[in-house]
Amino acid sequence: MKGKIGVTCALDAPAGSPFPLVNPDIYETVDFLAENGFDSIELHLLKPSEVDGPRIREYCRERKIMISSIGTGMAYGREGLSVTSPDRDVRERAIKRLKDQLDLASLLECSIVIGSMRGEIPDGESREVIDRRMIDACSRLCDYASVGNGSIVIEAIDRFETNYLRRAEEVLEIIDKVGSPRLGVHLDTYHMNMEESDWKQPVLLCRDRLRHVHIADNNRNYPGWGLIDFRPFLEALDEVGYSQTLTIECYPWPDGKTAVLRGLSHMRGLMEMQDRDGTANEQKEVWEK
């Protein structure tokens, strides 16, 4: 598997956030990624106005760094914006913020992530009501995205962060009901480790609707500093022809740059091993014939 590897980056972030590279100078971050063999960047933004869209697009092109996605969760953490909130005004403001993010995504030709902004099922509300709100919001956002170059991915998130849309199959149910090619699945190995029972099946279930992937180890440190064997996951990605980036989203331990460099080394090593094994198996088949 000759996959692309990137990093989730932010201009600022609360303490304890799983954003390994946090720097108010996004251009310095892009330089670091380009100089150290990364392929892509995920921008985590409270508001799209935090960056100069045309400038960052051209800068990343010059440095050969693909912009994979825009993370949106800070709008939930800092402002409480959720597309399934019981408060209609909050829902409308959340949709407006995501439309603004889609405008930037269209310029950058990338996706926006609906992670924390999907909200949760509050006490006194039913799953059916939350589903209806989620489907309505995603339908409106997909219609908005259809006139540009942006797209949307819904992240499956573990039980300790939300009680809604925790597994790939649950996200796919929403996507099926929306029925738009602009909407895809986002898997994260840290969340999968807690919610899924198999590394391959969720990927095979999603197939071409898997549009974005985060990688971290079971403790949310960098890949390689934990218990996850990423090989079955990579095999499944290869089987479904996943060609998008693998984005490292982990704690900045022992520091952010060290973390992502170690994660990059670990994942590149596994990918090279997979390629060698695949070549050896192909050669064996030729010999057996």
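See the structure printed just above.
Residues numbered from 1 in each chain as written. Predicted model: local features only at pLDDT ≥ 70, side-chain atom pairs only at ≥ 80, totals over all residues. Heavy atoms only, no water.

We now examine the environment of E155. With respect to the helices, strands and loops of the structure, E155 is situated in strand β6 (residues 151–155). When the C-alpha atoms of E155 and V171 are compared, they prove to be 7.6 Å apart, with 16 residues separating the residues in sequence. (Helix = DSSP H or I, 4+ residues; strand = E, 2+ residues; numbered from the N terminus.)

What follows concerns the layout of surface pockets. Taken as a whole, the largest pocket holds about 450 Å³ of empty space. Together, 24 residues line the largest pocket, and P18, F19, H44, S116 and E161 are the ones closest to its centre. The set of elements that each furnish at least two residues to the lining of the largest pocket consists of β3 (40–44) and α3 (74–79). Element by element, the count of residues in the lining of the largest pocket is highest for α3, at three residues. Partitioning the lining of the largest pocket into residue classes produces seven nonpolar, eleven polar and six charged. (1 Å grid on protein atoms, 1.4 Å probe; cavity = no way out; pocket = protein on both sides within 12 Å on 5 of 7 lines; lining within 4 Å. Points joined across faces, edges and corners; volume = space filled by probe spheres on them. Nonpolar A, V, L, I, M, F, W, Y, C, P; charged D, E, K, R; others polar.)

Moving on: helix α2 (residues 53–62). Of all the positions in α2, only G53, I56 and C60 are classed as buried. Buried residues along α2 cover an arc of 70 degrees about the axis, so they all sit on one side. Looking at the buried side of α2, the elements it contacts are α1 (26–35), β3, β4 (66–71) and α4 (88–108). Sitting at the amino-terminal end of α2 is D52, which places a side-chain oxygen 3.2 Å from the backbone nitrogen of R55. K64 sits one or two positions beyond α2 and adopts a positive phi of about 60 degrees. (Buried < 20%, exposed > 50% of the residue type's maximum accessible area, 1.4 Å probe, protein only. Arc of directions from axis to C-beta. Contact = heavy atoms within 4.5 Å. Polar contact = N/O pair within 3.5 Å; in protein donor to acceptor, adjacent residues only side chain to side chain.)

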